[in-house]
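An overview of the molecular structure
Given next are the chains, with one letter for each unit.
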Amino acid sequence: MTKSALLVMDVQRAITERVPDPAYTPRLARAVAAARAAGVPVLYVVVGFRPGHPETRSSPMFSGLPEGAFTDGDPGAAIHPDVAPEPGESIVTKKRVSAFTGSDLDLVLRGGGIGHLVLTGLATSGVVLSTLRQAADLDYRLTVLADGCGDADPEVHRVLTEKVFPRQAEVISVDDWIAGLS
């Protein structure tokens, strides 16, 4: 059987502030707690940059960030306390939209013998979509927790989780995934 890991992606304070669903982080916290109880590793993926943002100068998406955003010491870069990592859980820092780009995520996963990724995060049309596509190309098995993801545009979220993601991943709810862990 392929070892699984739960990826909690871009669930950082500055990003969660834009999520209109107040039940999002408590629901995701249930998934994190269930993963830990079942012995499924929880890996955190965050966007982060050096002071001065030298990594973003050529990026249309990130070059307009305010000075200091998503750098060490930026309170908005912190992982939301509802789903905060426990000691020993990996935090991977990425430099672009996909969890794999500019990070050592693939090395961490393969080093841990992980071949099945359970994806959650913000935004569905950002990190989840980009990571799903790249992970599929890297031959990972994929599950997306539809209500463990969120997007500023509910229609985009719906189209991705109902029409696009099922082509490459199993798409289920947090509650269904938790029930399947037992």
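Residues numbered from 1 in each chain as written. Predicted model: local features only at pLDDT ≥ 70, side-chain atom pairs only at ≥ 80, totals over all residues. Heavy atoms only, no water.

Here the focus is the packing of helix H4 (residues 124–137) against helix H5 (residues 154–164). Two elements in contact, H4 and H5, have axes separated by 10 Å at closest approach and are oriented at 20 degrees. In terms of orientation, H4 and H5 fall into the roughly parallel class. Here the hand of the crossing between H4 and H5 comes out left-handed. On H5, the residues touching Thr 124, Ser 125, Leu 129 and Arg 133 of H4 are Val 156, His 157, Leu 160, Thr 161 and Val 164. By residue class, the composition of the contact of H4 with H5 is four nonpolar, four polar and one charged. (Axes fitted to C-alpha atoms, helices over the stretch in contact; angles between N-to-C directions. Helix = DSSP H or I, 4+ residues; strand = E, 2+ residues; numbered from the N terminus. Parallel < 35°, antiparallel > 145°, perpendicular 65-115°, else oblique. Left-handed = near helix turned anticlockwise from the far one by under 90°. Contact = heavy atoms within 4.5 Å. Nonpolar A, V, L, I, M, F, W, Y, C, P; charged D, E, K, R; others polar.)

Most of strand S1 (residues 3–9) is tucked away: six of the seven residues are buried. Two strands pair when backbone bridges link them, and S1 and strand S4 (residues 114–122) are joined in this way by seven bridges, in the parallel orientation. Among the inter-strand pairings, Ser 4 is bridged to a residue of S4, identified as His 116. Taken together, the four bridges between S1 and strand S2 (residues 42–47) define a ladder with parallel strand orientation. Its bridge partner being in S2, Leu 6 is matched across the sheet by Val 42. (Buried < 20%, exposed > 50% of the residue type's maximum accessible area, 1.4 Å probe, protein only. Pairing = 2+ DSSP bridges.)

Another aspect to go through is the sheet that holds strand S6 (residues 170–172). For sheets, the rule is that strands pair by backbone hydrogen bonds, running either parallel or antiparallel. Ordered by their spatial adjacency, six strands build an open sheet running S3-S2-S1-S4-S5-S6, and the pairing between neighbours is parallel. Edge positions in the sheet fall to strand S3 (91–94) and S6, since each has one partner strand and no second. With strand direction ignored, the average angle separating the axes of adjacent strands in the sheet is 25 degrees. Where S2 meets S3, four bridges bridge the pair, whose relative direction is parallel. In the sheet register, Tyr 44 faces S3, and the bridge partner there is Ile 91. Helix H2 (residues 24–38) rests against S1, S2, S4 and strand S5 (141–150) of the sheet, and its axis sits at about 145 degrees to S5. Set on the sheet, helix H6 (residues 174–181) makes contact with S1, S4, S5 and S6; between it and S5 the angle comes to about 135 degrees.

Considering all chains together, one arrives at 11 salt bridges under this definition. Arg 36 is the salt-bridge partner of Glu 86, the closest N and O atoms lying 3.5 Å from each other. Remark: Arg 36 occurs in helix H2 and Glu 86 occurs in the loop between S2 and S3; sequence separation between them is 50 residues. Residue class for Glu 86 comes out partly exposed when judged on its relative accessible area of 42%. Under the relative-accessibility criterion, Arg 36 is labelled partly exposed at 25%. In this structure, Lys 95 engages Glu 55 in a salt bridge whose closest nitrogen and oxygen atoms are separated by 3.6 Å. Taken together, the residues Lys 95 in the loop between S3 and helix H3 (105–111) and Glu 55 in the loop between S2 and S3 connect sequence positions 40 residues apart. What makes Lys 95 buried here is its relative accessible area of 19%. Classification of Glu 55 by relative accessible area gives buried; the value is 14%. Each member of the salt-bridge network shares a partner with another, and the members are Asp 21, Arg 27 and Asp 147. (Salt bridge = Lys/Arg side-chain N within 4 Å of Asp/Glu carboxyl O.)

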